[in-house]
Amino acid sequence: MEKGVSFLVTVALMALASSFASASDPSPLQDTCVAIDEPKNAVFVNGKFCKNPNLTVAEDFFSKGLNIPGNTSNLVGSSVTTVNVDVIPGLNTLGISLVRIDYAPYGQNPPHTHPRATEILTVLEGTLLVGFVTSNPQNRLFSKVLNKGDVFVFPIGLIHFQFNIGHMNAVAIAGLSSQNPGVITIANAVFGSNPPINPDFLATAFQLDKKVVEFLQARF
């Protein structure tokens, strides 16, 4: 009987502990932890090996070229230039990254999420319609028209978007609260998965004709 009670208590404690579990970029344990691919004499931290601090140089914290516009000649009319830990290895364990987003006239950054980061965006040039949608069941849309110098925040994990509603090119810079925030573009993930999701299922889930789903899958 005592063993049974002890087992139940253990299970309850494990469930309680798991309910408080969380994950995020780790706090640094030293001044720098420059990411390297060579594991020899290195420590593995946050998915990367750490360079010997005595061998760290200024170039480990540097990148250039963010002034160069991205190529927006694509179906969505936008380009995202990412500056994350793969570009600046010194970002490892610092919990931050940066992107430049270029938009052609009426170009968009389609609905997407960052599973590991909150995003804060400021417009450098142009006019953007931006917004995010909260989780079920409310699914509230928070949207705003941004002009040069305006700032908007997209909470972590929520679907959000940007749309250039001006007649000229637009440019924005965004900071993200992760060295590797990740991105899930909704349409690409749903209709362009590999292997494809069963079209009968998607037709029911989106209340569409199966032929429409198959058409969308062929597009992505």
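This one's a predicted model, so the numbers in the text were calculated from it and none came from an experiment.

Undergrad: Would you take a moment to explain the side chain of H160 for this structure?
TA: Along the polypeptide, H160 turns up in strand 11 (residues 159-164). Polar side-chain contacts of H160 include one of 2.9 Å to the backbone oxygen of L158. With near-sequence residues (within four places) excluded, H160 lies in contact with P110, P111, H112, T113, H114, E119, G131, F132 and F154.

Undergrad: It is not clear to me how the packing of aromatic side chains should be interpreted in this structure. Could you clarify?
TA: Each aromatic ring pair is summarised here by two numbers: the centre-to-centre distance and the angle between the ring planes. Counted according to the given criterion, the structure contains 5 aromatic pairs. Centroid distance F132 to F152: 6.1 Å. Interplanar angle 50 degrees. Geometry classified as tilted. Taken together, the residues F132 in strand 8 (residues 128-133) and F152 in strand 10 (residues 151-154) connect sequence positions 20 residues apart. For F152, a relative accessible area of 14% translates into the label buried. What links up through ring pairs into an aromatic cluster is the set F132, F142, F152 and F154.

Undergrad: Sorry, what's going on with the layout of surface pockets here?
TA: Take a probe with the size of a water molecule and roll it over the atoms, and the empty space left behind shows itself. What the largest pocket holds in volume is close to 610 Å³. Contributing to the lining of the largest pocket are 27 residues, with N109, P110, H112, V183 and T185 lying nearest its centre. Residue assignment for the lining of the largest pocket shows that the elements contributing at least two residues are strand 4 (78-83), strand 5 (97-103), strand 6 (108-113) and helix 2 (186-191). With 5 residues, strand 6 is the single largest residue contributor to the lining of the largest pocket. For the lining of the largest pocket, the residue count by class is 13 nonpolar, 12 polar and 2 charged.

Undergrad: How should a nonpolar patch on the surface be read in this particular structure?
TA: A surface patch of nonpolar side chains, amounting to about 240 Å² of accessible area, comprises I120, V151 and V153. Within the secondary structure, I120 sits in strand 7 (residues 119-125). By relative accessible area, I120 is classed as partly exposed at 43%.

Undergrad: Would you mind showing me how to read the pattern of salt bridges here?
TA: Taken as a whole and judged by the stated rule, the model has 4 salt bridges. Residue R100 is joined to D102 by a salt bridge in which the shortest nitrogen-to-oxygen separation is 2.9 Å. Given a relative accessible area of 5%, D102 falls into the buried group. Across the pair K148 and E125 runs a salt bridge, and its minimum N-O distance is 3.4 Å. Of this pair, K148 sits in the loop between strand 9 (141-146) and strand 10 while E125 sits in strand 7, and the two are 23 residues apart along the sequence.

Undergrad: Explain the state of the cysteines here, please?
TA: In a disulfide, the sulfur atoms of two cysteines are held together by a covalent bond. Counted by the stated rule, this structure contains 1 disulfide. A sulfur-sulfur separation of 1.5 Å characterises the disulfide bridge that pairs C33 with C50. Of this pair, C33 sits in the loop between helix 1 (2-19) and strand 1 (35-36) while C50 sits in strand 3 (residues 48-50), and the two are 17 residues apart along the sequence. Classification of C33 by relative accessible area gives buried; the value is 5%.

Conventions we followed
- Residues numbered from 1 in each chain as written.
- Predicted model: local features only at pLDDT ≥ 70, side-chain atom pairs only at ≥ 80, totals over all residues.
- Heavy atoms only, no water.
- Helix = DSSP H or I, 4+ residues; strand = E, 2+ residues; numbered from the N terminus.
- Polar contact = N/O pair within 3.5 Å; in protein donor to acceptor, adjacent residues only side chain to side chain.
- Contact = heavy atoms within 4.5 Å.
- Phe/Tyr/Trp six-rings, centres within 6.5 Å; stacked < 30°, edge-to-face > 60°.
- Buried < 20%, exposed > 50% of the residue type's maximum accessible area, 1.4 Å probe, protein only.
- 1 Å grid on protein atoms, 1.4 Å probe; cavity = no way out; pocket = protein on both sides within 12 Å on 5 of 7 lines; lining within 4 Å.
- Points joined across faces, edges and corners; volume = space filled by probe spheres on them.
- Nonpolar A, V, L, I, M, F, W, Y, C, P; charged D, E, K, R; others polar.
- Patch = residues over 30% accessible without salt bridge, like charges linked within 9 Å, V, L, I, M, F, W, Y side chains within 5 Å.
- Areas by Shrake-Rupley, 256 points an atom, 1.4 Å probe, with all protein chains shown as cover.
- Salt bridge = Lys/Arg side-chain N within 4 Å of Asp/Glu carboxyl O.
- Disulfide = S-S within 2.5 Å.

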